[in-house]
Amino acid sequence: MESLSTNEWQAIDSAHHMAPFTDYADLRKTGARIITRAEGHCVYDTDGNRILDGMAGLWCVNVGYGRHELVEAASRQMTELPYYNNFFKTSNPPVAALSRRLAELTPDGLNNAFFANSGSEANDTIIRMVRHFWALEGKPEKRVIIGREYGYHGSTIMSASMGGMSGMHNQAANEPDFEHIRPPYGFLYQGNQDEAVFAANAASWLEDRILEVGADRVAAFVAEPVQGAGGVIVPPDGYFAHIEAICRKHDILFIVDEVITGFGRTGHWFASQKMGLSPDMMTMAKGLTSGYMPMSAVMVGDRVADRLIADGGEFYHGFTYSGHPVAAAVALANLDLIERENMIETVRDDTGPYLASALASLADHRLVGEVRTFGLLAAIELVKSKDGPVMFEDTGTVGGMCRDHAIQRGLMMRAVRDAMILSPALSYTRADIDETVAIARKALDATAADLGL
Ligand code: PXG
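Here the structure is a predicted model, which is why all the values come from computation and not from measurement.

Draft legend 1. Geometry of the environment of G291. In this structure, G291 sits in the loop between strand 9 (281–284) and strand 10 (296–301). Its relative accessible area of 44% is what places G291 among the partly exposed residues. Expressed as a C-alpha distance, the spacing of G291 and A223, which sit 68 residues apart in the sequence, is 22 Å.

Encoded structure:
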């Protein structure tokens, strides 16, 4: 690539590139940060800044940057078979091997994989499959899918309608037959209920909604085990046991979106295993290839798969790049690497607990209302006052200030509303965590100073 200055790249970029989730007028004023390379757990920009990546890209670079094993797998596969489709009774060795591997790694009963290129496409696939399944069962009126507020399932019209982001709904992504209940967001809704009571109450919001809509119209309930883009919302213990029981009682499919929580992030291959869940279908993407290639999959449980196989006929659905051989080869190399380097055990036994205790040291900061962690997922809720707590009125402004202070000091941290979010690579070390927490503290101090607190 030619070597241009930061200003030159910014000018070209803002003149011609419509980036995702971007305020275009604002970006034209400020210009984008141009990232040129990455190594280990750091990214580098055109000004030569080194930024420790506390977000693993966008919750996805689970094995860290610069892993030659993945590069070589891609290069080998590109040489041998760069592309062939999986339509019309063809397949390829990497995709067959990956399907078997995913069936082995996921909870019992999830034995079939449908491949796509993004989490959004995988969730669109689920919506079609679920409705097709109920039609085959002779219940075509079971079409409604219940999700949760602050849930994120993607950006296509259907996956954004299924998600619970009102800003997205307001921009032409509010299809009928989707309902949303409150999430089990203890920080906002728990009050002085103990954990078990709150778990049962939060799950009862699902049953209330099923009864309101009518179980004969409800096809499925969908949930991220820990809500990621919604602000790392960790459910109280027992919540999902109640949820599963309610789904079974009303004969509603239970869908788990593990796009963020999959592939080791929680210290287990899947959060479903840590939480003891038995979903009917599971969405996966991101950590499947550690972001080195776009790839997603739907794991289809036996109940749905058996019905589709028995009398579904042709399923008229698929993408040119479904089961792309290069993406599949990279996914296999990525899973090998995660296994060979014991990354999941390290997160479970060492760096996950270490991150929790290191971040707990921020809890006494005057801006911090709560710290939550779950494996290598974390949120630091910023509050105006710890007493209450009282949230900031202009939601998101203070979070944005704190994020900018962190980036200026060399840490990529994301803000969701006024919660600061971390989701680093599984290979993140104790030293990386120490550096992260030290910069986060400085960013909090600088934010408090800006606010005159
Ligand atoms: N499900 C979940 C749980 C996700 O987090 C998707 C589905 C959609 O995946 P694709 O590959 O279509 O993007 C996601 C994606 C953020 C952010 O701001 C999070 C995601 C994507 C973009 C931004 O935290 N998650």
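Draft legend 2. Local environment of helix 16 (residues 397–408). End to end, helix 16 covers 17 Å across twelve residues, agreeing with the expected 16 Å (1.5 Å per residue, within 8%). In this structure, the buried residues of helix 16 make contact with strand 3 (50–53), strand 12 (377–382), strand 13 (411–412), strand 14 (414–416), strand 15 (419–422) and helix 17 (430–450).

Draft legend 3. Here's a closer look at the domain arrangement of the protein. Domain boundaries assigned for the protein yield domain 1 (33–63 + 342–450) and domain 2 (69–340). The C-alpha centroid of domain 2 is placed 26 Å from the C-alpha centroid of domain 1. Counting from both sides, the interface comprises 33 residues of domain 1 and, opposite them, 35 residues of domain 2. Buried surface at the junction of domain 1 and domain 2, both sides included, amounts to about 2700 Å², of which 65% is carbon and sulfur. Counting the surface domain 1 buries against domain 2, the share from its top three residues, W59, I344 and F374, is 26%. At the boundary of domain 1 with domain 2, the tally comes to zero salt bridges. On inspection of domain 1 and its partner domain 2, the count reaches 17 residue pairs in polar contact (both at pLDDT 80 or more).

Draft legend 4. Seen up close, the sheet that holds strand 9. Strand order in the open sheet made by the seven strands is 4-10-9-8-7-5-6, with mixed pairing throughout. Two strands lie at the open edges of the sheet, namely strand 4 (110–116) and strand 6 (178–181), each paired on one side alone. Strand after strand, the sheet turns through a mean of 20° between neighbouring axes, direction not considered. Here strand 5 (residues 144–148) runs beside strand 6; their pairing, made up of four bridges, is parallel.

Draft legend 5. Here's a closer look at the sheet that holds strand 11 (residues 368–374). Pairing in this open sheet of four strands is antiparallel, and the strands run 11-12-15-14 from one edge to the other. At either end of the open sheet lies a strand with only one pairing partner, and these are strand 11 and strand 14. Neighbour-to-neighbour, the strand axes of this sheet turn through a mean angle of 25°, independent of strand direction. Here three bridges tie strand 14 to strand 15, and the two strands are oriented antiparallel to one another. Each bridged residue has a counterpart across the sheet, and for R414 the counterpart in strand 15 is I421.

Draft legend 6. Focus on the packing of helix 5 (residues 93–105) against helix 14 (residues 325–340). Two elements in contact, helix 5 and helix 14, have axes separated by 8 Å at closest approach and are oriented at 40°. It follows from the interaxial angle that helix 5 and helix 14 lie oblique. Along this stretch, helix 5 crosses helix 14, giving a crossing that reads as left-handed. Where helix 5 approaches helix 14, its residues P94, V95, A97, L98, R101, L102 and L105 are matched on the opposing element by P325, A328, A329, A331, L332, L335, D336 and E339. Broken down by class, the residue content of the contact of helix 5 with helix 14 amounts to twelve nonpolar, no polar and three charged.

Conventions used here
- Residues numbered from 1 in each chain as written.
- Predicted model: local features only at pLDDT ≥ 70, side-chain atom pairs only at ≥ 80, totals over all residues.
- Heavy atoms only, no water.
- Helix = DSSP H or I, 4+ residues; strand = E, 2+ residues; numbered from the N terminus.
- Buried < 20%, exposed > 50% of the residue type's maximum accessible area, 1.4 Å probe, protein only.
- Expected span 1.5 Å × (residues − 1).
- Contact = heavy atoms within 4.5 Å.
- Domains from an automatic or database assignment.
- Buried area = accessible area lost by both parts, 1.4 Å probe.
- Salt bridge = Lys/Arg side-chain N within 4 Å of Asp/Glu carboxyl O.
- Polar contact = N/O pair within 3.5 Å; in protein donor to acceptor, adjacent residues only side chain to side chain.
- Pairing = 2+ DSSP bridges.
- Axes fitted to C-alpha atoms, helices over the stretch in contact; angles between N-to-C directions.
- Parallel < 35°, antiparallel > 145°, perpendicular 65-115°, else oblique.
- Left-handed = near helix turned anticlockwise from the far one by under 90°.
- Nonpolar A, V, L, I, M, F, W, Y, C, P; charged D, E, K, R; others polar.

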